[in-house]
Amino acid sequence: MSAESSLRGDIVEVGRRMYARGYTASNDGNISVRLDPSRLLMTPKGVCKGFMSPDMMCITDLEGRKIQGDLDPSSEMLMHLEVYRQRPDVHAVVHAHPPTATGFAVAGIPLDRAVLAEVVTTLGSVPIAEYATPSTRELPEAVRKYIKAHDGMLLANHGALTVGGDVFSAYFKMETIEHFAKISLVARLLGREHLISREEVQRLEKLRGTYGVKPPAPICADGSDVGDDAACQVVQAPAGGGLRLVPDVAGGAEIRQRSAPPAAGDEAEIRLTYRQLSALIEEAIKSLR
Ligand SMILES: [Zn+2]
């Protein structure tokens, strides 16, 4: 089997798995791989990723001009082209709308908290690229900010994007993001999320690469501002003072900190659940009586 026909088969297989796992509905999502230094193999526009055949794929150049294929290339081709331009190390791009991760993208909550050791070591943080109209030039521009330092990101009010050295590696990162999102959602529903301390995150960072998957950039030493072109990963991990896990529920209130503790105490953001807020108000009313 030629390399090209094997890659066509791999895209079909990944599309089938994405659809079977509910990461895409109807014709959503798209997949591409580098065929050689000057050509890409890409899923076509307007087909369900669960029911593709190898002959459906399009071949384009790195400018997006169609070289071969009966169907037109993916409507998100511009986003794929931008990734390949920015990341010579990337050989495959996967885009889908996995429901839990996309829920975080809709809520505007990045998956950037240090809560799972294996995510810190393999993917690092999963930021949210700002909202852009799908299939327009806005989307590659939104992705550009994060793609150099991240192998996976959420797309605000849209879905998720992952990249890798081959199509299975990019697809597995999509699985990791959705799995991470599900676990984060359950922890938040249960009412508490113990974060991995900054010190432990530094230990985990040294283990990056030992599991075969390594994030493309280090964790930001001062994570509050990554600028327009992120060169490091923001991971929310509070100082633990020797503790490996830091409870995020203190005295009934969750104290949320960026990577570095705030300089002044009054800069800490305190978040209360509805129940906690009601209890505080009741308490205050009682003391007034
Ligand atoms: Zn999409």
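Residues numbered from 1 in each chain as written. Predicted model: local features only at pLDDT ≥ 70, side-chain atom pairs only at ≥ 80, totals over all residues. Heavy atoms only, no water.

Asks: Would you explain the coordination of the zinc ion in this entry?
Replies: Octahedral six-donor coordination of a metal ideally yields angles of 90 or 180 degrees, compared with 109.5 degrees for tetrahedral four-donor coordination. Here the zinc ion is held by H95 (NE2), H97 (NE2) and H158 (NE2), and the distances to it run 2.0 to 2.1 Å. The sequence pattern formed by the donor residues of the zinc ion is H-x1-H-x60-H. Placement of H97 in the loop between β5 (92-96) and α3 (99-107) and of H158 in the loop between β7 (152-155) and β8 (159-164) is noted, with a sequence separation of 61 residues between them. H158 gets classed as buried once you look at its relative accessible area, which sits at 11%. (Donors = N, O, S within 2.8 Å, 3.2 Å for Na, K, Ca; no water. Helix = DSSP H or I, 4+ residues; strand = E, 2+ residues; numbered from the N terminus. Buried < 20%, exposed > 50% of the residue type's maximum accessible area, 1.4 Å probe, protein only.)

Asks: For this particular structure, what's the right way to read the sheet that holds strand β2 (residues 39-42)?
Replies: The strands making up a sheet associate through backbone hydrogen bonding, with each pair oriented either parallel or antiparallel. The strand order β4-β3-β2-β1-β5-β8-β7-β6 describes an open sheet built from eight strands, whose pairing is mixed. Every other strand in the sheet has two partners, leaving β4 (66-68) and β6 (128-129) as the edge strands with one partner each. In the sheet, β7 pairs with β8 via four bridges, with the strands oriented antiparallel. Bridge pairing in β8 links L154 to A160. (Pairing = 2+ DSSP bridges.)

Asks: Can you walk me through the packing of aromatic side chains in this structure?
Replies: Two aromatic rings are characterised by how far apart their centres lie and by the angle between their planes. Counting across every chain of the model gives two aromatic pairs. Judged by centre distance (5.6 Å) and plane angle (65 degrees), the rings of Y19 and F51 are edge-to-face. Here Y19 is found in helix α1 (residues 3-20), whereas its partner F51 is found in the loop between β2 and β3 (58-61), with 32 residues between them in sequence. Taking relative accessible area as the criterion, Y19 reaches 32% and is therefore assigned partly exposed. Summarising the aromatic geometry, the rings of Y171 and F172 are spaced 5.7 Å apart at their centres and angled 50 degrees between planes, so their arrangement reads as tilted. Y171 sits in the buried class, given a relative accessible area of 2%. Its relative accessible area of 45% is what places F172 among the partly exposed residues. (Phe/Tyr/Trp six-rings, centres within 6.5 Å; stacked < 30°, edge-to-face > 60°.)

Asks: Any chance you could explain the side chain of T121 here in plain terms?
Replies: Summarising the element assignment, T121 is placed in helix α4 (residues 117-122). With a relative accessible area of 2%, T121 lands in the buried category. Those residues within four positions of T121 in sequence are excluded, and the remaining contacts are L204, L207, R208, G209, Y211, V213, K214 and P215. (Contact = heavy atoms within 4.5 Å.)

Asks: Help me understand the nonpolar core in this model?
Replies: Across soluble globular proteins, you tend to see nonpolar side chains buried next to one another. M18, I31, L111 and L154 are the most contacted members of the largest nonpolar core, which totals 35 residues. When residues of this core are traced back to their parent elements, those giving at least two are α1, β1 (30-36), β5, α3 and α6 (167-190). The leading source of residues in this core is α6, at seven residues. Beyond its immediate sequence surroundings of up to four residues, L154 is in contact with A101, F104, A105, I109, L111, V126, P127, I128, A129, G159, A160 and I177. (Core = buried A, V, L, I, M, F, W, Y, C linked by side-chain atoms within 4.5 Å.)

Asks: I would appreciate a short explanation of the pattern of salt bridges in the present structure.
Replies: Two side chains with opposite charge may pair up if their charged atoms get near one another. The final tally for this structure, using the stated rule, is 17 salt bridges. Here E82 and R85 are joined by a salt bridge, their closest N and O atoms 3.5 Å apart. Taken as a pair, E82 and R85 lie in helix α2 (residues 77-86) at a separation of three residues, close to a single helical turn. Salt bridges sharing partners connect three or more residues here, namely R87, D89, D151 and K173. (Salt bridge = Lys/Arg side-chain N within 4 Å of Asp/Glu carboxyl O.)

Asks: Sorry if this is basic, but what is going on with a nonpolar patch on the surface here?
Replies: A contiguous nonpolar patch, built from L272, L277, L280, I281 and I285 and spanning about 410 Å² of accessible area, is present on the exposed surface. Locating L277 in the fold gives a position in helix α8 (residues 274-288). (Patch = residues over 30% accessible without salt bridge, like charges linked within 9 Å, V, L, I, M, F, W, Y side chains within 5 Å. Areas by Shrake-Rupley, 256 points an atom, 1.4 Å probe, with all protein chains shown as cover.)

Asks: For this particular structure, what's the right way to read the environment of R16?
Replies: Mapped onto the elements of the fold, R16 is located in helix α1. R16 sits in the partly exposed class, given a relative accessible area of 41%. For the pair formed by R16 and C48, sequence separation is 32 residues and the distance between their alpha carbons is 9.0 Å. If near-sequence neighbours (up to four positions away) are discounted, R16 is found in contact with K49 and G50.

Asks: Mind showing me how you'd approach unusual backbone geometry here?
Replies: The phi angle of most residues is negative, glycine excepted, and most peptide bonds adopt the trans form. Positive phi values are uncommon outside glycine, yet S26 reaches one of about 50 degrees. For S135, which is not a glycine, the phi torsion comes out positive at approximately 70 degrees. Considering the arrangement of structural elements, one finds S135 in the loop between β6 and α5 (138-147).

Asks: Whenever I open this one, the confidence of the model for the protein chain confuses me. Can you help?
Replies: Detailed reading of the predicted coordinates is not advisable wherever pLDDT falls low. Across the protein chain, pLDDT averages 89, with 89% of residues at or above 70. Contacts for the low-pLDDT stretch residues 250-262, under 50 throughout, to residues beyond four places or in other chains number 37 contacts. (pLDDT = per-residue confidence, 0-100.)

Asks: Would you mind going over the pairing of β1 with me for this structure?
Replies: For a regular strand, side chains alternate in direction, first toward one face of the sheet and then toward the other. Of all seven residues in β1, six are buried, a share of seventy percent or more. In this structure, β1 lies alongside β5, joined through four bridges in antiparallel fashion. Following the sheet pairing, N30 is matched in β5 by H95. In this sheet, β2 lies alongside β1 in antiparallel orientation, the contact comprising four bridges. In the strand pairing of β2, V33 is matched with L41. Hairpin connection from β1 to β2: two residues lie between these consecutive antiparallel strands.

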